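So the chains spell out like this:
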Amino acid sequence: AQRVTQPEKLLSVFKGAPVELKCNYSYSGSPELFWYVQYSRQRLQLLLRHISRESIKGFTADLNKGETSFHLKKPFAQEEDSAMYYCALYGQNFVFGPGTRLSVLP
Amino acid sequence: ETGVTQSPTHLIKTRGQQVTLRCSSQSGHNTVSWYQQALGQGPQFIFQYYREEENGRGNFPPRFSGLQFPNYSSELNVNALELDDSALYLCASSLTPRGADTQYFGPGTRLTVL
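Thresholds applied
- Residues numbered from 1 in each chain as written.
- Chains lettered and ligands numbered in written order.
- Predicted model: local features only at pLDDT ≥ 70, side-chain atom pairs only at ≥ 80, totals over all residues.
- Heavy atoms only, no water.
- Helix = DSSP H or I, 4+ residues; strand = E, 2+ residues; numbered from the N terminus.
- Rg over C-alpha atoms; globule rule 2.2 N^0.38 Å.
- Buried < 20%, exposed > 50% of the residue type's maximum accessible area, 1.4 Å probe, protein only.
- Contact = heavy atoms within 4.5 Å.
- Areas by Shrake-Rupley, 256 points an atom, 1.4 Å probe, with all protein chains shown as cover.
- Pairing = 2+ DSSP bridges.
- pLDDT = per-residue confidence, 0-100.
- Disulfide = S-S within 2.5 Å.

A.B. asks: When you look at the overall build of chain A in this model, what are you seeing that I'm missing?
C.D. replies: Along its length, chain A carries zero helices and 11 strands. The helix and strand sequence of chain A, counted from the amino end, reads β-β-β-β-β-β-β-β-β-β-β. Expected size for 106 residues packed as a compact globule is a radius of gyration near 13 Å; at 13 Å, chain A falls within 12% of this value. Its C-alpha atoms give chain A principal-axis dimensions of about 40 × 25 × 25 Å. The buried share among the 106 residues of chain A stands at 46%.

Set out below in structure tokens:
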């Protein structure tokens, strides 16, 4: 079975503070992991994927197979980072987590 | 290059009715996936079409069906609507079914079943 959990529904941080959005998954095979983001009044869009090992808008995410985690991190949060973030796994098909709303306070 | 579009934006139906939702993929994208997003939850995979054939299905009953056309448009049909079908329905197109290919989402259709 494929499953993605995001333990925090809402995460509030102050501008300039570090942010970490948690994601854990379960899948028996080798999954592909993604982070999607939805800004206010915009459509869902890909933020980054683990195979690219890229940094997008200052965000990074490392796949930890031992802990089955794919946490999203940014060292200094900006107000424009406020959005809904979804962790997603692709195994047999796409499975999305329930999402975490990040609120960056001024 | 145009983005993914969906119609209608909103729809209200009553229990037992049938509904058809439409999606227009990005030009050149042979793959379309449909998702149901209930309030406060993440998108849930319904099914995927690749080159007009169903290419994978999530845990949804057969009353959820789809079609994909050669002109990059697709439909999601839901028969015998139930109250729990009330949700935002998203379509997403990609070049191929490979998970690594970027999915481009439409704005969604909000379905309310009364």
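A.B. asks: Explain the overall build of chain B here, please?
C.D. replies: Within chain B, the regular secondary structure consists of zero helices and 11 strands. Written out in order from the N terminus, the α and β elements of chain B read β-β-β-β-β-β-β-β-β-β-β. Structurally, chain B occupies a C-alpha span of about 35 × 25 × 25 Å along its principal axes. For chain B, the proportion of its 114 residues judged to be buried stands at 50%. Relative to all contacts within chain B whose residues are 6 or more apart in sequence, the contacts with residues 24 or more apart total 55%. A total of about 5400 Å² of accessible surface is found on chain B, and carbon and sulfur atoms cover 49% of it.

A.B. asks: Looking at this model, I keep getting lost on the sheet that holds strand 7 (residues 60-61) of chain A. Mind explaining?
C.D. replies: Two orientations exist for strands paired in a sheet by backbone hydrogen bonds: parallel and antiparallel. All names here are of chain A. On the basis of which strands lie adjacent, the open sheet formed by three strands has the order 3-8-7 and antiparallel pairing. Sheet topology places strand 3 (19-21) and strand 7 at the edges, where each strand pairs with a single neighbour. Across two bridges, the pairing between strand 7 and strand 8 (residues 72-74) is antiparallel. Among the inter-strand pairings, Ala-61 is bridged to a residue of strand 8, identified as Leu-72.

A.B. asks: Help me out: how do you make sense of the confidence of the model for chain B in this one?
C.D. replies: On average, residues of chain B score 94 in pLDDT, and 98% of them are at 70 or above. Considering each helix and strand of chain B separately, the mean pLDDT is smallest for strand 6 (residues 53-57) of chain B, with a value of 92, and largest for strand 11 (residues 109-113) of chain B, with 98.

A.B. asks: Would you explain the confidence of the model for chain A in this entry?
C.D. replies: The predicted coordinates should not be examined in detail at positions where pLDDT is low. When the pLDDT values of chain A are averaged, the result is 93; 100% of them are 70 or greater. Strand 11 (residues 100-105) of chain A holds the highest mean pLDDT among the elements of chain A, 98, whereas strand 6 (residues 45-49) of chain A holds the lowest, 93.

A.B. asks: What should I look at first to understand the state of the cysteines in this one?
C.D. replies: Note on terminology: a disulfide is the covalent bond linking the sulfur atoms of two cysteines. Here the structure, examined in full by the defined rule, presents two disulfides over all chains. Between the sulfur atoms of Cys23(A) and its disulfide mate Cys87(A) the distance is 2.0 Å. Measuring the twist about the S-S bond at about -65 degrees, one finds the Cys23(A)-Cys87(A) disulfide to be left-handed. Here Cys23(A), found in the loop between strand 3 and strand 4 (24-26), pairs with Cys87(A), found in strand 9 (residues 83-90); they are 64 residues apart in sequence, far enough to count as distant. Across the pair, exposure class does not vary: Cys23(A) and Cys87(A) are buried alike. Put simply, Cys23(B) and Cys91(B) are joined by a disulfide, and their sulfur atoms are 2.0 Å apart. One disulfide, between Cys23(B) and Cys91(B), carries an S-S torsion of 75 degrees and so falls in the right-handed class. With Cys23(B) in strand 3 (residues 19-24) and Cys91(B) in strand 9 (residues 87-94), this residue pair connects regions lying 68 residues apart in the sequence. Just as Cys23(B) is buried, Cys91(B) falls in that class too.

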